[in-house]
Amino acid sequence: MTVVTDRASLATARAALTGTVALVPTMGALHEGHLSLVRSAKAAGADHVIVSIFVNPLQFAPGEDFETYPRDLDADVTALRSEGVSLVFAPTREVMYSHRVRVTVSPGPVAGILEGASRPGFFDGVLTVVTKLFHLTTPDIAVFGEKDYQQLTLIRQLVTDLDFGIDIVGAPTVRDADGLAKSSRNAYLSTPQRELALTLSRALHAGAADTVDPLGAASTVISDAGDAVELDYLELTSPDLGEPVAGDQARLLVAATVGSTRLIDNIAVTLSPEFTAHSSPRVHS
Ligand code: AMP
């Protein structure tokens, strides 16, 4: 496995990779969720997997956790080596943004809801850095987690609308045994906060189990947790996030803050014919 940090070394190492190449973009502090993406890349037919590790300043607003975001390159490299990754690209901020950023990717209407409503500019930053990584690594396949469902949806739109010609693979969310979605930000949680954080996955599973009123069932679990789980949004949408719920497939998405840690999660929901979109209103804090 080759580890590179600058553009010239990346170009040389990339040129040496033949066959089908997959990119797995990450911000590091890797856990089983990230490693599952490497396995998904191989299952999708990749001969070589490139993993990028870059905490992208463009997707953090002032006051968010850019400075304190967990970073551990040595541990990440060790984990990726044992997964059979071919190439790790871990650039500095100066390598990625060697000049003032002038042109960014405009992510369209889906970026204005859910995460985008709470974090203005977030998806401009995500799609801009992913575009740069796509150009720098020229993959055939790129793998993203369903954990960040809205991000996955927008990246599919990016490659379709701007003709990237890259196959986007979505990988299922990896959870701890008790249901908590694995996340680099879970490292911020104290033991009691981690217990409260379980409210999110419990609410989603309660929602998915109630095919008539998923939003009502999920909302009850969140309310029962009290004020320590500060709800940002709980929404039931179409699977593509673009239309009101129609048909029997939907996505239930939640964001909440526990202590000072903002957590997100989501789940697929199958609706029964008795479901009506008005059985529960959208739930916001
Ligand atoms: P991040 O390092 O948080 O930017 O995430 C990098 C990639 O890993 C994204 O495609 C995420 O959706 C994915 N990811 C993060 N957590 C998980 C998880 N628990 N299960 C599956 N994929 C994940």
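Placed above this text is the structure.
Below, the structure is looked at part by part. (Residues numbered from 1 in each chain as written. Predicted model: local features only at pLDDT ≥ 70, side-chain atom pairs only at ≥ 80, totals over all residues. Heavy atoms only, no water.)

## Digging into unusual backbone geometry
For residues that are not glycine, phi is negative in most cases, and the peptide bond is trans in most cases. To be explicit about the condition: A run of DSSP states H or I qualifies as a helix once it reaches four residues; a run of E qualifies as a strand once it reaches two. Both are numbered from the N-terminal end.
Even without glycine at this site, Thr138 takes up a positive phi of about 40°. You can see Thr138 is positioned in the loop between α6 (122-137) and β5 (141-145). Of note, Asp163 is a non-glycine position whose phi angle comes to about 55°, a positive value.

## A short note on the site of the ligand
Going by this rule: Near residues are defined by distance, with any heavy atom within 4 Å of the molecule or strand qualifying the residue. For this analysis, a polar contact is any N or O atom pair within 3.5 Å, provided that within protein one partner can donate a hydrogen and the other can accept it, and provided that sequence-adjacent residues contribute only side-chain to side-chain pairs. Accessible surface area values rest on a Shrake-Rupley calculation with a 1.4 Å probe, where residue burial reflects the displayed protein chains alone. Under the scheme applied, nonpolar residues are Ala, Val, Leu, Ile, Met, Phe, Trp, Tyr, Cys and Pro; charged residues are Asp, Glu, Lys and Arg; polar residues are all the others, including Gly.
Taken together, 17 residues lie around the ligand, and His34, Gly145, Asp148, Val174 and Lys182 are the ones closest in. A distance of 2.9 Å separates an oxygen atom of the ligand from a polar atom in the backbone of Gly145. Between a nitrogen atom of the ligand and a main-chain N or O atom of Val174, the distance comes to 2.9 Å. A total of 490 Å² of accessible area belongs to the ligand in isolation, and the protein chains cover 92% of it. Secondary-structure elements contributing two or more residues to the shell around the ligand are β2 (21-26), α2 (32-43) and β5. The dominant element in the shell around the ligand, judged by the number of residues it contributes, is α2, at three residues. Across the shell around the ligand, the residue classes break down as seven nonpolar, seven polar and three charged.

## Examining the pairing of β5
Successive residues of a regular strand alternate their side chains across the two faces of the sheet. As a reminder of what qualifies: Buried means the residue's accessible area, taken with a 1.4 Å probe over protein chains only, is under 20% of the maximum for its type, while exposed means over 50%, and partly exposed covers the values in between. A crossover gets the label right-handed when its path from the first strand over the helix to the second runs clockwise, viewed with the strands pointing away from the viewer.
Here β5 lies mainly inside the structure; five of its five residues are buried. Residues of β5 alternate between two faces, with Ile141, Val143 and Gly145 on one and Ala142 and Phe144 on the opposite face, all of them buried. Taken together, β5, helix α7 (residues 149-161) and strand β6 (residues 167-171) constitute a β-α-β crossover, and its handedness is right-handed.

## Considerations on the packing of helix α1 (residues 7-15) against α6
How we decide: All axes here are fitted lines through C-alpha atoms, helices being fitted over the stretch that makes contact, and every angle between N-to-C directions spans 0 to 180 degrees. Each angle is binned into one of four classes, with values under 35 degrees roughly parallel, values over 145 roughly antiparallel, values of 65 to 115 roughly perpendicular, and all other values oblique. Here, two residues are considered to be in contact whenever any of their heavy atoms come within 4.5 Å of each other.
It is the contact of α1 with α6, at a shortest axis distance of 9 Å, that shows an interaxial angle of 55°. Classified by the angle between their axes, α1 and α6 sit oblique to one another. Here α1 contributes Arg7, Leu10 and Arg14 to the contact with α6, which in turn contributes Lys132, Leu136 and Thr137. Residues belonging to the contact of α1 with α6 are distributed by class as follows: two nonpolar, one polar and three charged.

## Regarding the pattern of salt bridges
To be explicit about the condition: When a carboxyl oxygen of Asp or Glu lies within 4 Å of a side-chain nitrogen of Lys or Arg, that pair is called a salt bridge.
Summed over the entire model, instances satisfying the criterion amount to 13 salt bridges. One salt bridge in this structure joins Arg119 and Glu64, with 2.9 Å as the shortest N-O distance. Linking Arg119 in the loop between α5 (115-118) and α6 with Glu64 in the loop between β3 (48-53) and α3 (73-82), this pair joins segments that are 55 residues apart in sequence. Assessed through its relative accessible area of 29%, Glu64 is described here as partly exposed. Arg194 is the partner of Asp178 in a salt bridge, and the nearest nitrogen-oxygen pair spans 2.8 Å. Residue Asp178 is found in the loop between β6 and α8 (191-209), and its partner Arg194 is found in helix α8; the two are separated by 16 residues along the sequence. Judged by its relative accessible area of 36%, Asp178 is partly exposed. The class of Arg194 is partly exposed, set by a relative accessible area of 26%.

## Observations concerning the packing of aromatic side chains
Our working rule: Pairing of aromatic rings covers Phe, Tyr and Trp, the last through its six-membered ring, and needs centres within 6.5 Å; plane angles under 30 degrees mean stacked, over 60 mean edge-to-face, and all others mean tilted. Cation placement over rings: the criterion is NZ of Lys or CZ of Arg within 6 Å of the ring centroid and within 35° of the ring normal.
Tallying each qualifying case throughout the model produces six aromatic pairs. With 6.0 Å between their ring centres and 75° between their planes, Phe60 and Tyr69 make a pair best called edge-to-face. Residue classification places Phe60 among the buried residues on the basis of a relative accessible area of 11%. For Tyr69, a relative accessible area of 7% corresponds to the buried category. Ring geometry for Phe134 against Phe144: centres 6.4 Å apart, planes inclined by 80°, an arrangement best described as edge-to-face. A residue pair is termed long-range when its members are at least 10 positions apart, and Phe134 in helix α6 and Phe144 in strand β5 qualify at ten residues. Among the residues examined, Phe144 registers a relative accessible area of 3% and is labelled buried. Three or more aromatic residues link up through ring pairs in this structure, and these residues are Phe60, Phe66 and Tyr69. In this structure, Arg119 packs its charged tip against the face of Phe122, placed 4.1 Å from the ring centre.

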